[in-house]
Amino acid sequence: MDATMPRTKAQGMTRIELYVPTALFSEAEELADFEGWKLSELHRVFWENGFGVYVERSNKRMINKRLREKNSPDVANQGEEE
């Protein structure tokens, strides 16, 4: 399989280039071939799963930050008073 995103005539699409380790991509290609996926489906899996992990981690960091600020406002103020 070609490692670049397949060309498409679809409107409203943005071309994105992803770089992954060659060994990982080779394994993914083998899996995609075994599952009968098209190359575009493989790229979509990489993109969606990677973005999903990013969003999940980002949300966790945001929630943790808000909880720390909510539960310990004195801690932030103590450093300023000393």
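**A short note on the overall build of the protein chain**
On a plain count of helices and strands, the protein chain comes out with 3 helices and 0 strands. Along the protein chain, helices (α) and strands (β) appear in the sequence α-α-α when read from the amino end. Classification of the 82 residues of the protein chain by burial places 9% in the buried group. When contacts within the protein chain are restricted to residue pairs at least 6 apart in sequence, long-range pairs at least 24 apart make up 55% of them.

**Examining a nonpolar patch on the surface**
On the surface, Ile16, Leu18, Trp47, Phe51 and Tyr54 cluster together into a nonpolar patch covering about 510 Å² of accessible area. With respect to the secondary-structure elements, Phe51 resides in helix H2 (residues 39-71). Classification of Phe51 by relative accessible area gives partly exposed; the value is 46%.

**A few points about the pattern of salt bridges**
Two side chains that carry opposite charge are able to pair once their charged atoms sit near each other. This structure, assessed with the given rule, holds 1 salt bridge. Between Lys60 and Glu56 there is a salt bridge, and its shortest N-O distance comes to 3.2 Å. On the criterion of helical spacing, the pair formed by Lys60 and Glu56 is a turn pair, its members being 4 residues apart in helix H2. When its relative accessible area of 47% is taken as the criterion, Lys60 is described as partly exposed. When its relative accessible area of 45% is taken as the criterion, Glu56 is described as partly exposed.

Reading the values: rules and limits
Residues numbered from 1 in each chain as written. Predicted model: local features only at pLDDT ≥ 70, side-chain atom pairs only at ≥ 80, totals over all residues. Heavy atoms only, no water. Helix = DSSP H or I, 4+ residues; strand = E, 2+ residues; numbered from the N terminus. Buried < 20%, exposed > 50% of the residue type's maximum accessible area, 1.4 Å probe, protein only. Contact = heavy atoms within 4.5 Å. Patch = residues over 30% accessible without salt bridge, like charges linked within 9 Å, V, L, I, M, F, W, Y side chains within 5 Å. Areas by Shrake-Rupley, 256 points an atom, 1.4 Å probe, with all protein chains shown as cover. Salt bridge = Lys/Arg side-chain N within 4 Å of Asp/Glu carboxyl O.

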